[in-house]
Number of protein chains: 2
Amino acid sequence: MSNPLLRDRDVDFLLYEVLRAQDLCELPAYADHSRETFELVLASARKLAREVLYPAFKPMDEAPPRLDAGQVRVHPAMREIWPRLVDLGLAAAARPAGVGGQQLPLTVATMAQGYLMAANAAAYGYLGLSAGAAHLLEAFAEPGLRETYMPRLYAGEWTGTMALTEPQAGSSLSDVKTRAAPTGNGDYRIAGNKVFISGGDHDLTPNIVHLALARIEGAPAGIKGVSLFCIPKKRFENGQLVDNDCTAAGVFHKMGWKGLPSIALNFGERGDCRGFLVGQANQGIAYMFQMMNEARIMVGMNGVATASVAFHESLEYARTRPQGRPIAARDPAAPQIPIIGHADVRRMLLRQKAIVEGGLGLLAATARYADLAAHAAEPARRQRAALLLDLLTPVAKTFPAERGFESNSLAVQVHGGYGYTSEYLPEAWLRDQKLNSLHEGTTGIQGMDLLGRKVVATSGAALTALGGEISAALDRATRAGLPQTWQQQLAQAGQQVGELTLVLAQRGLGGDREAMLLHSADFLELFSTVVIAWQWLLQAAAAQEGLRAEKPDPSSEAFYQGKLCAAQYWFSTELPRIETLAALCRSGEDSYGRAQPDWF
Amino acid sequence: MSNPLLRDRDVDFLLYEVLRAQDLCELPAYADHSRETFELVLASARKLAREVLYPAFKPMDEAPPRLDAGQVRVHPAMREIWPRLVDLGLAAAARPAGVGGQQLPLTVATMAQGYLMAANAAAYGYLGLSAGAAHLLEAFAEPGLRETYMPRLYAGEWTGTMALTEPQAGSSLSDVKTRAAPTGNGDYRIAGNKVFISGGDHDLTPNIVHLALARIEGAPAGIKGVSLFCIPKKRFENGQLVDNDCTAAGVFHKMGWKGLPSIALNFGERGDCRGFLVGQANQGIAYMFQMMNEARIMVGMNGVATASVAFHESLEYARTRPQGRPIAARDPAAPQIPIIGHADVRRMLLRQKAIVEGGLGLLAATARYADLAAHAAEPARRQRAALLLDLLTPVAKTFPAERGFESNSLAVQVHGGYGYTSEYLPEAWLRDQKLNSLHEGTTGIQGMDLLGRKVVATSGAALTALGGEISAALDRATRAGLPQTWQQQLAQAGQQVGELTLVLAQRGLGGDREAMLLHSADFLELFSTVVIAWQWLLQAAAAQEGLRAEKPDPSSEAFYQGKLCAAQYWFSTELPRIETLAALCRSGEDSYGRAQPDWF
């Protein structure tokens, strides 16, 4: 059986049984859609992912793009993939009809993208980055600039990048040094160096559009003086595309995502690089942050997808690889059993399932809040959804990256010695996954964002909204007839989060933000564990509804039982861990807080 | 500052302040040794590791051996390394003078090997495997066979392998199929296929000696019919070395350990492969198991070493890489601070330190029990040490592999985006580390070994002995004046382990070994966490003694404070987690126990 990447039954279950995404079509923005159109999109994505992107994954992992006489050359497989990927229409699918989009709910688009990411994260990366760059122009560029670049990006004629990072300014964007000097003709002369620019150079399309942060001469120091520029590899001059002095200085050799080059880029080596200001001067960080939720949800989905493809590979391996005999029947003459017959192998599989499917549920839910934030009928509902989206984004970004890495490691482990070889794929996915805890804000930054901003924003309104969502889930679980213990556990956990947040917020209000944020990593882990428990309760409730509704066929019966089993695992194995984490946060345990640099 | 691999001060602290390894010299077997001879051995190992092995690590990672016209070619760097590595004398250092050894305590030899492993695990692998093969011959081969092969292996003239695994028999050694037919001339005709044979073919030495498992014609089925053979790549015939029909069928492409080839080996493709029986027929597994402790301690040390070199790399990076500003001082005009100034970076460093140095302490302690088991004066002391060695071996093997992998991942994370590139080394060490949870018995097998055999062996005598060691540590901690809370925590944790073991053992005695072993992974994690807490209490006590003894210099003061700080971290952050794990074991939580294959 070939790898399903994501399981179709699971995606359908989350969309239609758990989230009832079909109800989104009642909103005016999605009026042209229906479950049927959703399914058409998903079917095309599944087919392309499985038939075109997935077969190219290993070849692209084995032969990364090279820098050849100042030009980066992509893997030949990308030339076949690119036009078909563009034709799928996902770059602008969730955008308004006015910019060529289909006004598809992000809930559905995100799932469709998940298949492509699971099949070949690097190949999808070219499209994802282009869509992100186009969306920035759509949102903030003045019409002339926007019309020159945005449609070509959405159409895949050119590709785009996000050019933020500089050698001296990784996570610290306020230290961006790239300079922009007004030419007097409405554009700017750009000079500076960027690093880790994914897709920063290649020969896949004739032009590349960098959305880059730079500092206009005389701008204030720090974050308040950073502007957003559109810097194309080739600019128009008298209707012709001419070289714009963007040089690929080098290709980083990465441990994974090998099909997508990561470039060190020099702007203006010859003094002839022009950039076009996007929106207002000195608003670059604000613009970037408005796109950040979207980018972080993409990273989260990538984490889920990379863990999912490996989970399914190890599941199939465990079902078919004979090795050893049951503990109770050690007759050496008996045939060996498939390793899924060993409890410890099932432990590794169930843990992967709980992480992958719990994470997928969270990503779908988060995308749905994004849809509601943009298009719900009442302003209050939009505002509430926006709060939930903001609150859940650091979790949706980080949980799949961190627990997904563990999940990917288990997929290697299930394969035994074979898992360590590149004759099998899990080691490649393990290498791919490691990036997700690093890019678009490291895990440390997500923890600070969650505890320092999100849970305390607008007097805890987001947390109150989450409490409401959890209550609704508890009600649904009760109606479905789930075990009361799970509901009590989740209710208590939710209360725990609220009380703990108050304690920590008071430390911050007392003037000691260092103390407030000391255990932000523990808080993020605790919060994520509770959020995933909420997702598993929802999935368990929907599964129980499915079991009760009518006599399900044996395959549905097994599917639903699996959901209940994974929920049981999460509630018994993971959720109890929050007590230790809460105690650490409360006590302000100070070992690394007070450790001096020369103590290590 | 160049990477220290292991920190000398830490190794000396463990040997002389924590374990008082110099006292071993009072035993007759070690009478020729003293702290001075220990230091000579360590100094040579440190120098060779830092100056010769370490510089070759990256080149060897980048250019793995290839199979070229039936012959595997090693990296050229190995030709320089090999004679100097052999000259160091570590292959036989811990062996008796009678076989050319130095009767050096394993406690010291293991630490010396740790430097070599941290510098270049693959390069050291050729020597470690040869020493293991030689030791098997020393212990079990009849004199003629032994004298032909053992001295050449200890001398590094030839290298050796352990050839256990077959395509259909990975962890399940009872399913070994390689056949051995008596020729009538005292040797056997061998036919079969082996996979994942590290160092199974190469051109570094003119001969390779495989210590292989095979089944003599007519032997009983299963584990009771497996014999150990010595199968050289070239055999002596009339005083000449002639080809012995061992063919390298392929090289596995591995995610790490790239300098040491992993080979698919065919014995007897042309019907002309001869093997020499080692010891008695059908005793192969027993012989292998007698060597297993040693091999697993080597893997454990490798795990510690691989985490250690990455920890030190990330520590140096954190001390020198400027990025961001303190939370309380966000003036963008202020210079950036080294990232070690951020609490969350110190969290990642302290966690690495706790894992690396806690693991190193355990490895040193375990090696010391091996020394005492072999050479303590009184039989009862030898027996007690043997029990402790057996009990701790699965922990010493697995803790560094599993937590070391997490530690290696944190070293990547501390490096941010740079950590994802192979311009820096942490990603290579992360890839190397993954092997240690797989070879020499997977983590799952170690859990079954610990819970199914070790803690219940001889009516729990080993556990009682460990209780005695913990009591001694508590006494030492009290005398040193450490916080009472740590001692109470460890005493309770020790009691927890004892009570839990009884509960689980009774399930096994009641006839349900499946139920007893269902949570062997959780039990192993719980047990390991307690064992490392014991090690940290010992280290904290020795540190406190150091602080009290006389006015320490500032560097020693910082070193001792760091030890106390890491102990605090372990007691506050890790040890409390055992409550959740114990509850899972006790309750017999059955999610993955009852999960059906079609539920996933």
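J.: Summarise the overall build of chain A; cite the residues concerned and give the values.
T.: Secondary structure assignment for chain A yields 19 helices and 12 strands. Since a compact globule built from 600 residues should have a radius of gyration of about 25 Å, the 24 Å found for chain A is in line with a globular shape. C-alpha extents for chain A along the principal axes are approximately 80 × 60 × 60 Å. The buried share of chain A, reckoned over its 600 residues, is 64%. The long-range share in chain A, meaning contacts at least 24 apart out of those at least 6 apart in sequence, stands at 75%. Taking the 57 positively charged and 62 negatively charged side chains of chain A as two groups, their mean positions are separated by 1 Å.

J.: Which residues make up the nonpolar core, and what are the values?
T.: Counting residues in each nonpolar core, the largest one holds 404 residues, and the members touching the most others are Phe527(A), Trp534(A), Phe527(B) and Trp534(B). Of the residues forming this core, the biggest block, 22 residues, is contributed by helix H5 (residues 106-140) of chain B. Ignoring anything within four residues of it in the chain, the contact list for Phe527(B) reads Leu391(B), Val395(B), Leu450(B), Val455(B), Leu463(B), Leu466(B) and Val497(B).

J.: Quick rundown of the pairing of strand S3 (residues 159-163) of chain A? Include the residues and the values.
T.: All names here are of chain A. The buried fraction of S3 amounts to four of the five residues, a majority that puts the element mostly inside the structure. Two elements, S3 and strand S6 (residues 208-216), share five bridges in a ladder whose sense is parallel. Along S6, the bridge assignment pairs Met162 with Leu211.

J.: Any chance you could break down the interface of chain B and chain A for me, citing the residues and the numbers?
T.: Facing the 93 residues of chain B at the interface are 93 residues of chain A. The contact between chain B and chain A buries some 7,800 Å² in all, and 60% of this surface belongs to carbon and sulfur atoms. Of all residues in chain B, Tyr420(B), Tyr592(B) and Phe600(B) bury the most surface against chain A, accounting for 13% of the area lost on that side. Across the contact surface, chain B and chain A share two salt bridges. A salt bridge links Arg325(B) to Asp175(A); the shortest N-O distance between them is 2.6 Å. Taken together, chain B and chain A are joined by 46 residue pairs in polar contact (both at pLDDT 80 or more). In the side of chain B that touches chain A, the residues fall into 40 nonpolar, 29 polar and 24 charged.

J.: Outline the confidence of the model for chain A, listing residues and values.
T.: Mean pLDDT for chain A: 96, with 100% of residues reaching 70 or above. Both confidence scores are given for the complex: pTM 0.97, ipTM 0.97.

J.: Go over the environment of Ala21(B) with me, naming the residues and quoting the values.
T.: Residues and elements named next belong to chain B. Along the chain, the position of Ala21 falls in the loop between helix H1 (8-18) and helix H2 (35-53). Residue classification places Ala21 among the buried positions, given a relative accessible area of 0%. Beyond its immediate sequence surroundings of up to four residues, Ala21 is in contact with Leu15, Phe38 and Thr107.

J.: A description of the packing of aromatic side chains should follow, citing residues and the corresponding values.
T.: Following the criterion strictly, the structure yields 34 aromatic pairs over all chains and no others. Centroid distance Phe196(B) to Phe252(B): 4.6 Å. Interplanar angle 45 degrees. Geometry classified as tilted. Note that Phe196(B) is positioned in strand S5 (residues 188-198) and Phe252(B) in strand S10 (residues 246-252), a separation of 56 residues in sequence. According to the relative accessible area criterion, Phe252(B) is buried, its value standing at 14%. In this structure an aromatic cluster arises from ring pairing among Phe196(A), Phe252(A), Tyr317(B), Tyr418(B) and Tyr424(B). Note that Arg9(A) overlies the ring of Phe559(A), its terminal NZ or CZ placed 4.4 Å from the centroid. One cation-aromatic arrangement involves Lys434(B) over Phe405(B); the distance from NZ or CZ to the ring centre is 5.0 Å.

J.: Describe in detail the relation of the copies chain B and chain A, supporting the description with residues and values.
T.: The transformation that overlays chain B on chain A combines an axial shift of 0.0 Å with a rotation of 180 degrees, and the residual RMSD is 0.0 Å. Each copy turns onto its partner about a two-fold axis. Among all residues of chain B, the one whose C-alpha sits closest to the rotation axis is Arg577(B), at a distance of 3.6 Å. Of the interface residues in chain B, 100% have counterparts in chain A that sit at the interface too, so the contact is made through matching surfaces.

J.: Account for the pattern of salt bridges, with residues named and values stated.
T.: Summed over the entire model, instances satisfying the criterion amount to 84 salt bridges over all chains. Linking Arg431(B) and Glu427(B) is a salt bridge whose minimum nitrogen-to-oxygen distance equals 2.9 Å. With Arg431(B) and Glu427(B) both in helix H11 (residues 426-433) and four residues apart, this pair spans about one turn of that helix. Arg431(B) gets classed as buried once you look at its relative accessible area, which sits at 7%. Taking the relative accessible area as the measure of exposure, Glu427(B) reaches 4% and is therefore buried. The salt bridge involving Arg594(B) is made with Asp590(B); its shortest N-O contact spans 3.6 Å. A relative accessible area of 31% means that Arg594(B) is categorised as partly exposed. Since its relative accessible area comes to 34%, Asp590(B) is described here as partly exposed. The network of salt bridges with common partners includes Arg351(A), Arg403(A), Glu406(A), Glu525(A), Glu574(A) and Arg577(A).

The rules behind these values
- Residues numbered from 1 in each chain as written.
- Chains lettered and ligands numbered in written order.
- Predicted model: local features only at pLDDT ≥ 70, side-chain atom pairs only at ≥ 80, totals over all residues.
- Heavy atoms only, no water.
- Helix = DSSP H or I, 4+ residues; strand = E, 2+ residues; numbered from the N terminus.
- Rg over C-alpha atoms; globule rule 2.2 N^0.38 Å.
- Buried < 20%, exposed > 50% of the residue type's maximum accessible area, 1.4 Å probe, protein only.
- Contact = heavy atoms within 4.5 Å.
- Lys, Arg positive; Asp, Glu negative; His and termini not counted.
- Charge placed at Lys NZ, Arg CZ, Asp CG, Glu CD.
- Core = buried A, V, L, I, M, F, W, Y, C linked by side-chain atoms within 4.5 Å.
- Pairing = 2+ DSSP bridges.
- Buried area = accessible area lost by both parts, 1.4 Å probe.
- Salt bridge = Lys/Arg side-chain N within 4 Å of Asp/Glu carboxyl O.
- Polar contact = N/O pair within 3.5 Å; in protein donor to acceptor, adjacent residues only side chain to side chain.
- Nonpolar A, V, L, I, M, F, W, Y, C, P; charged D, E, K, R; others polar.
- pLDDT = per-residue confidence, 0-100.
- Phe/Tyr/Trp six-rings, centres within 6.5 Å; stacked < 30°, edge-to-face > 60°.
- Lys NZ or Arg CZ within 6 Å of the ring centre and 35° of its normal.
- Least-squares fit on C-alpha atoms with pLDDT ≥ 70 in both.

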